[in-house]
Amino acid sequence: MSWDFFVPVCVGDLVKSGGINQYVVQDVVPVKQLPPYLSRFKAALRSQGPLCILEHFDTGYSVLQHCNSVELSVKEDILELLVQVVSSLAASLPALLASTSISAAERKDKLNAVKMSVYLLCKITETLESESYRQSIVTAPGKGGKKGKAGGEGLLQWDSERERVLQALVQLLQLDIRSLWSLSLVEEEFISCVTCCCYKLLENPTISHVKSKPTRDCIIHLLGVLIKKYSHLLGASVKVIQLLQHFEQLSSVLAQAVFVWSTEYGVRAIIGEIIREIGQKSSDELAREGSGVKAFSSFLSELGALVPELMIPNISVLITHLEGESHTMRVAVCEVLGEILVRVLCGDRLDESGKADRDRFFDTLQEHLHDIHSHVRARVLQVYTRIVNSKALPLCRYSEVMGLTVGRLMDKSINVVKSAIQLLAAFIAHNPYSCKLSSSDMKKPLEKETAKLREMKEKLEGKAPVAVIKASELWAAMEPELLVTVRAELEPTSDAVREEEDGDVEEEKEAEDDRATAVKIAQYLRVNKYRNAVRLCVRAHSCFPESEMFAALATLTPETLINTLALLFKGSDEDTSELSQNLPPTPQKEGDKEEVDGELKKQEMLVQYLRDTETFALQVEKAISVINTMLYMKTTSVVQEAVQFCVTVCEFSVANSVSGVRKMLPLVWSTDAAIKDAVVQAYRRLYLNPQGDTSRMKAQTLVDSLSELMVDASLGTIQCLEEIVQEFFGSGSNLQSTVVQVLWERFTGKRETSGLQRRAAVLLLGMAARAEREVVLSNLDTLCSVALGEKVTEDFLLARDTVFTICSITDHVRQSKGAPFRLPQDHQLFTCLTQAIAEGVVMEDPYWQSFMEQAVRLIYFLAESPDQLCSRLLQRSARLLQDQIAEGGEINKDTTQIQDGSQESSEQGEQVNCVCLAQLLALCGCVAFWQVSHLERSVSAELRRRRGETEERIEKEMGPSSKAKQAANESAMEEELGLMGASAEDTEAELIRKICETELLAEENLLCAFLPLLVRVCSSPGRYSHPQLTTAACLALSQYMMISPSVCEENIRLIFTVLERSALPVVRANAIIALGDLTVRFPNILEPWTQNLYARLSDDVPSVRQTAVTVLTQLVLKDVLKVKGQVSEVAVLLIDPEPHIASLALNFFNELATKDNAIYNLLPDIISRLSDPERGMNSEDFNTIMKQLFSYITKERQTESLVEKLCQRFRTAKTERQWCDLAMSLSLLSMCERGFKRLQECWECYSDKLTEPGVYQPLLSITAKLRRGAKLQFKAQVDEFEKRLTAVHTRGLENVESPEMDENQNEGGSSEKTVLQTPLATKGRPRTKRGQSKPSVSSRAADSFVTPQKSRKSKKPVITFSSDEEEDEEDAVMEESETPKVTTPIARTSRRARLRN
């Protein structure tokens, strides 16, 4: 063979005449002749082996040339042949390559065969891949989800063949075929041929799918071989960058590929090349569309998760992107840092360099907790969550990161808030401090250990512990300096110098004996007072000449003096112990010092640990208070995260954690199924899945946890808990019977329990009875004997809760549709109840009234003829009170005089206990209220039930023919007279109404006897001044007013007088609630008094304001009250100093905004009222309120209309403050082009006010908002308007020419200047003259919003309360002239008025 095959750049190059010895295709076979040529190719392959490609290359090339026109079977045949050739070459080459005696011709043949077969196989594969992709697009499934059969089969077949092709190429290229080339230099074109095929296959959109994993793995391994053996590293890194830029879906595939290349093939340098390329991308380049920044980001994130240790050497290149504008790149870099910190730079075995890198990376992450982009902040928080869950966060950073996370709870982004809650939950779940986090529990141990540490330090400072050194060692150290001092002292000096030196030495008293002198000298030596020691030693010889210690000083020389001092300092062995008692503290040994230091360090570490634990617990408690407020956010996912967090903190016994668990309880009524399910699951996890070895222990744990939750729980909390407990008892749990048994044992006192636990047990039994009535019904006698028996007066709270439990078996709670379930009057239950109520009237128990209310409610729910029972109860109670008066038993010092005409006493001068009288009046009001409720609910329902049964019985008795006749007669009657089906129901309602109006308060009825007394007490607050009596009387009177319209009309002025003038906040609050109920029941009577109800929104007491806004919210949202301008009083509460009241007002407007155009219609009037100078509201508060109200205006048409209406109000505004408020309101609107056009049209309304900064600045801010993102043409209009505003503001309107004037000058040449003036508001209704058009709709609408002039009001009469000295007690009631007149009758919304339960 004399030719060589060169891999062409283009397919067509092979038919062109090439260079010397270069292979050229001689014959391109036509399409029709290809089958026989393929047959010859197959035969040659069988006979000659893979080298047959040298002769039949033209056949394969011809198929490649005619690929678009040949049949699919031909392509499949040539593909199969080429795969066999490559596989055969891969099988035969190893022996050849191992041989040392290979000829040049044989080597050339094998090389040409390899290049030819690989070239054809790669090109055919690329072609088939392109066709397969086009076919998949054409036959893609439509809406029906069906695709063409042929296309689906062809695609499936190619998917299987593609893997065989890649496997064959991998087998061939894994061999060391480089030796086939001269000097083992493989030509670049051959490598590019294979790599282009691989990258072409990677471009397939389905390559990242699970079904393409085998193909994907083959491509990765094939490229890995080329990178490792054929120097494709640089080419692969460049191609990876290009693929990421154009194919975003390849990020995970390429990350996996780079991971395989760097680990399995050991080509780690490719990571550095790719990261360097990405790091060199500029911010401008990444900001361009199509830059692949998302793919780069996800690629880096996944690569960091796969090989974090290989990312560290190149991380400095990536960190530059943290300063760039691309937030996706910042996210990727932060995630890479997180992976490195979790998997590489963690643990205690890091060297100094590793610790420095770790700290630097943590600092970087903390900085980006405050990133400008919310997505980055959220992802960094998620990175920290992974770090905390992996326990890779250093203990020293817990407090700092925790504080930053709590700050992120206030973030504007929902995703950031969710991520922050998740991180806080991770902090608590994986905290290194304690399983129970409570700052209060930490205080005592911290104080104790801190005091212990302080004592240890003081003790150590007092002992001055230093290293213990032997006396001989100390002497050796001090001897040279001491010798100098001795010689200096023994040298003769002048007397003057000696006296001067003596002055410096402290005077010594002569010691008592020689031993004391020796101890003193040793002490001087130890504290380095050498001169004092020498002089004292010299004097000691003269003082104690007979002492053996100083005998050597008979001859005074430096040597004898030094020897004497040494003897005194070191001492003899027998004197050591004695001397040591008198010497200063001796230095300690090294071992003792280390032991003491170790103890001190341990104590310091313990104190620091306790301090960190307390700090952490305080931060958790702060987070709890913030997250608890998120339980009622509108975003479902945030609420779910908050619920999960509350569960986590409760499991770790964090202080105040139960508050969040209780606060989320009302969410069981949420309309959002996801939120409701989250709350139910949370309570099930916390309370309904107890731990224990036996079912008995589990039941006790469950009861304990539920009882703890019910301690000090409100009635609303208990009602919400009923829903969850009822679900537990209705779920068929194995623990039900055991739990019920434990509850009965606690209630009856078989086991020693507290009063709170007994009450919790009986309430839980009531919740269980909702699911199964027999739980309570079968043990009714037990309930009566234990809680309502002889000892009922000792614990009215237990009795109240017992009555509440018994109510769970009534039809009112269970909503039964059958015959009513009632007990006879002589049942033990009612005997106990009436006796307890009557006896309690003459007692002063603070819990009697709540028991009485529940007991009367139960009597009306469960007793036959409850009115008779309650009549006897009232008689008995009044008689007991009369007996108390007759006996003269004065219980309370606060008494009141009952005058002639009272029902309880007929003798003048008798005294009654105020508390007892208040309790009797409360009982009267309660009976009156439930009597009305009984008539309108129970009696009415029973009448309907009996009528329905009668109709059913009649229908059964009638035959089919008579039924048909009756139906025909009824239809004819309906056509003539209208719908008559409701006549019976109307008759029943009329009967009940008549009973309420005529019979309930008839003279023979006992309820009537107490009404004059109620009116007397309420109208004479000066005489009856006892707070409890006043409260009970006013509440009872309002309950009496529910009976009939006549009673309501007679006492409405009195109740409103109490509302406005009572000095007791509780009385005013009760009056508001009662008037709300009366408004629902008698709307026509209450409608003229609406203004008086709204007036309570400005009450001085927060509790009254809270009650008022709650009641008015219900009335307005249920369409009982018409929404008028008085709503401005609710708007003022948006800035109430009490946060709860402000939140109620905000909730009012949130609900009102759901009604069509409600806030839009009210806004102009609210603005006028709030900006009224007489109100005196400051501008800051006005802006805060308006900002909230204008946030509800979202429709473009509403904005446009409001712009015009507000501009028109500039004409009628009289003060500068009103102008400023109107301008500020305009600036708060989300202005659009149409609104801006309307603002320009109304120029004359406000142009003369622009000289005021308070008008100019808000209007200028409108132009700034409009300019953002505006089109060029619109931006030009805004700029022109801004120039006009500025010109008028700076020079005045009269000095600025209007555009109309400029046009007149240009057309007519007139040089006169016109002055624009704001036209005066015309009084009265505008009239149109003949020939003039009527005003436009917009102008009429604007006129309707003109601020009305103040109407003349009559002088407000002075209403005074009566005092004890006044005789006319009716002065406290408004006169007839003060009563508002009915202006707009309101039709009754229902025949049966709604009553509160």
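Residues numbered from 1 in each chain as written. Predicted model: local features only at pLDDT ≥ 70, side-chain atom pairs only at ≥ 80, totals over all residues. Heavy atoms only, no water.

### Quick word on the overall build of the chain
Working step 1: When its secondary structure is counted, the chain shows 63 helices and 2 strands.
Working step 2: A buried classification covers 46% of the 1397 residues belonging to the chain.
Working step 3: Across the chain, the fraction of contacts at a sequence separation of at least 24, relative to all contacts at a separation of at least 6, is 74%.
Working step 4: When the accessible surface of the chain is summed, it comes to about 70,800 Å², and 49% of that surface belongs to carbon and sulfur atoms. (Helix = DSSP H or I, 4+ residues; strand = E, 2+ residues; numbered from the N terminus. Buried < 20%, exposed > 50% of the residue type's maximum accessible area, 1.4 Å probe, protein only. Contact = heavy atoms within 4.5 Å. Areas by Shrake-Rupley, 256 points an atom, 1.4 Å probe, with all protein chains shown as cover.)

### Focus on the packing of helix H34 (residues 755–771) against helix H37 (residues 796–806)
Working step 1: Running from N to C, H34 and H37 cross one another at 10 degrees; their axes reach a closest spacing of 8 Å. Judged on the interaxial angle alone, H37 and H34 are roughly parallel. Taken together, the residues of H37 that come into contact with H34 (itself represented by Arg758, Arg759, Val762, Leu763, Leu765 and Gly766) are Leu797, Leu798, Arg800, Asp801, Thr802, Phe804 and Thr805.
Working step 2: Classifying every residue of the contact of H34 with H37 by side-chain character gives 6 nonpolar, 3 polar and 4 charged. (Axes fitted to C-alpha atoms, helices over the stretch in contact; angles between N-to-C directions. Parallel < 35°, antiparallel > 145°, perpendicular 65-115°, else oblique. Nonpolar A, V, L, I, M, F, W, Y, C, P; charged D, E, K, R; others polar.)

### Description of the nonpolar core
Working step 1: Ranked by size, the top nonpolar core spans 382 residues in total, and within it Phe299, Phe851, Phe1149 and Tyr1246 carry the most contacts.
Working step 2: Each residue touching Phe1149, except ones within four places of it in the same chain, is listed here: Val1127, Val1130, Ala1131, Leu1134, Ile1159, Leu1189 and Tyr1192.
Working step 3: Ranked by size, the runner-up nonpolar core spans 23 residues in total, among them Trp475, Ala540, Ala566 and Phe569. (Core = buried A, V, L, I, M, F, W, Y, C linked by side-chain atoms within 4.5 Å.)

### Considerations on helix H45 (residues 1006–1019)
Working step 1: Those residues of H45 that sit buried are Leu1007, Phe1010, Leu1011, Leu1013, Leu1014, Val1017, Cys1018 and Ser1019.
Working step 2: Those residues of H45 that are buried are in contact with helix H41 (866–887), helix H42 (914–957), helix H46 (1027–1041) and helix H47 (1045–1061).

### Topic: unusual backbone geometry
Working step 1: The phi dihedral of Lys391 is positive, around 55 degrees, even though this residue is not glycine.
Working step 2: If you trace the backbone, Lys391 turns up in the loop between helix H17 (374–389) and helix H18 (398–408).
Working step 3: In this structure Lys391 comes out as exposed when scored by relative accessible area, which is 64%.
Working step 4: Phi is positive for Asp1119, which is not a glycine, with a value near 60 degrees.
Working step 5: Mapped onto the elements of the fold, Asp1119 is located in the loop between helix H51 (1102–1117) and helix H52 (1127–1132).
Working step 6: On the basis of relative accessible area, Asp1119 is assigned to the exposed category, the value being 56%.

### Quick word on the environment of Lys228
Working step 1: Topologically, Lys228 is positioned in helix H7 (residues 213–229).
Working step 2: The class for Lys228 is exposed, based on a relative accessible area of 52%.
Working step 3: Taking the C-alpha atoms as reference points, Lys228 and Tyr265, 37 residues apart in sequence, are found 6.7 Å from one another.
Working step 4: When neighbours within four sequence positions are excluded, Lys228 is seen to be in contact with Tyr265 and Val267.

### Digging into the pattern of salt bridges
Working step 1: In the structure shown here, the tally under the stated rule is 41 salt bridges.
Working step 2: Glu489 is the partner of Arg535 in a salt bridge, and the nearest nitrogen-oxygen pair spans 2.9 Å. With Arg535 in helix H24 (residues 530–543) and Glu489 in helix H21 (residues 471–490), this residue pair connects regions lying 46 residues apart in the sequence. Accessibility assignment for this pair places Arg535 and Glu489 in one class, buried. (Salt bridge = Lys/Arg side-chain N within 4 Å of Asp/Glu carboxyl O.)

### Some words on a positive patch on the surface
Working step 1: A cluster of basic side chains, namely Lys412, Lys1187, Lys1265 and Arg1268, defines a positive patch on the protein surface.
Working step 2: Mapping Lys1265 onto the fold places it in helix H60 (residues 1253–1267). (Patch = residues over 30% accessible without salt bridge, like charges linked within 9 Å, V, L, I, M, F, W, Y side chains within 5 Å. Lys, Arg positive; Asp, Glu negative; His and termini not counted. Charge placed at Lys NZ, Arg CZ, Asp CG, Glu CD.)

### Structural notes on H34
Working step 1: Over its 17 residues, H34 runs 26 Å from end to end, which matches the ideal 24 Å to within 8%, given 1.5 Å per residue.
Working step 2: For H34, every residue scored as buried is listed here: Ala760, Ala761, Val762, Leu763, Leu764, Leu765, Gly766, Met767, Ala768 and Ala769. (Expected span 1.5 Å × (residues − 1).)

### Side note on the confidence of the model for the chain
Working step 1: The share of residues in the chain with pLDDT of 70 or more is 82%, and the mean pLDDT across the chain is 78.
Working step 2: Ranking the helices and strands of the chain by mean pLDDT puts H17 first, with 93, and helix H63 (residues 1337–1344) last, with 39.
Working step 3: Below pLDDT 50 for its whole length, residues 976–981 participates in 2 contacts with residues either more than four positions away or in separate chains.
Working step 4: Considering only residues more than four positions removed or in separate chains, one finds that residues 1382–1397, a stretch of pLDDT under 50, has 38 contacts. (pLDDT = per-residue confidence, 0-100.)

### Some points on the packing of aromatic side chains
Each aromatic ring pair is summarised here by two numbers: the centre-to-centre distance and the angle between the ring planes.
Working step 1: In the structure shown here, the tally under the stated rule is 20 aromatic pairs.
Working step 2: Summarising the aromatic geometry, the rings of Phe362 and Tyr384 are spaced 6.4 Å apart at their centres and angled 25 degrees between planes, so their arrangement reads as stacked. Pair noted here: Phe362 is in helix H16 (residues 352–367) and Tyr384 is in helix H17, with a separation of 22 residues, a long-range link.
Working step 3: Through a chain of ring-to-ring contacts, three or more aromatic side chains come together here, namely Phe1210, Phe1236, Trp1243, Tyr1246, Phe1274 and Phe1281.
Working step 4: The lysine or arginine in question, Arg40, covers the ring of Tyr37, its NZ or CZ lying 4.6 Å from the ring centre.
Working step 5: For the cation-ring pair, Arg1284 lies above Trp1243, with the distance from its terminal atom to the ring centre recorded as 4.1 Å. (Phe/Tyr/Trp six-rings, centres within 6.5 Å; stacked < 30°, edge-to-face > 60°. Lys NZ or Arg CZ within 6 Å of the ring centre and 35° of its normal.)

### So, the state of the cysteines
One way to say it: the disulfide is the covalent bond shared by the sulfur atoms of two cysteines.
Working step 1: Inspection of every chain in the model, using the stated rule, returns 0 disulfides.
Working step 2: With no disulfide of its own, Cys218 lies 9.9 Å from the sulfur of Cys198, the closest cysteine sulfur. (Disulfide = S-S within 2.5 Å.)

### Quick notes on the side chain of Gln1039
Working step 1: Tracing the sequence through the fold places Gln1039 in helix H46.
Working step 2: On the accessibility criterion, Gln1039 (11% relative accessible area) is buried.

### Quick word on the environment of Thr1107
Working step 1: Examined against the element boundaries, Thr1107 turns out to sit in helix H51.
Working step 2: Note on Thr1107: relative accessible area 16%, which makes it buried.
Working step 3: When the C-alpha positions of Thr1107 and Arg1068 are compared, they lie 9.3 Å apart, and in sequence the two are 39 residues distant.
Working step 4: Residue contacts for Thr1107: discarding those within four places in its chain leaves Ala1069, Ile1072 and Ile1073.

### Some details on the packing of helix H32 (residues 715–730) against helix H33 (residues 736–748)
Helices that pack against each other are described as a pair by the angle of their axes relative to one another and the distance between those axes.
Working step 1: Contact geometry for H32 and H33: axes closest at 9 Å, N-to-C directions at 125 degrees. What the angle tells us is that H32 and H33 run oblique. For the pair formed by H32 and H33, the contact residues are Phe728, Phe729 and Gly730 on the first element and Gln736, Val739 and Val740 on the second.
Working step 2: In the contact of H32 with H33, the residues fall into 4 nonpolar, 2 polar and no charged.

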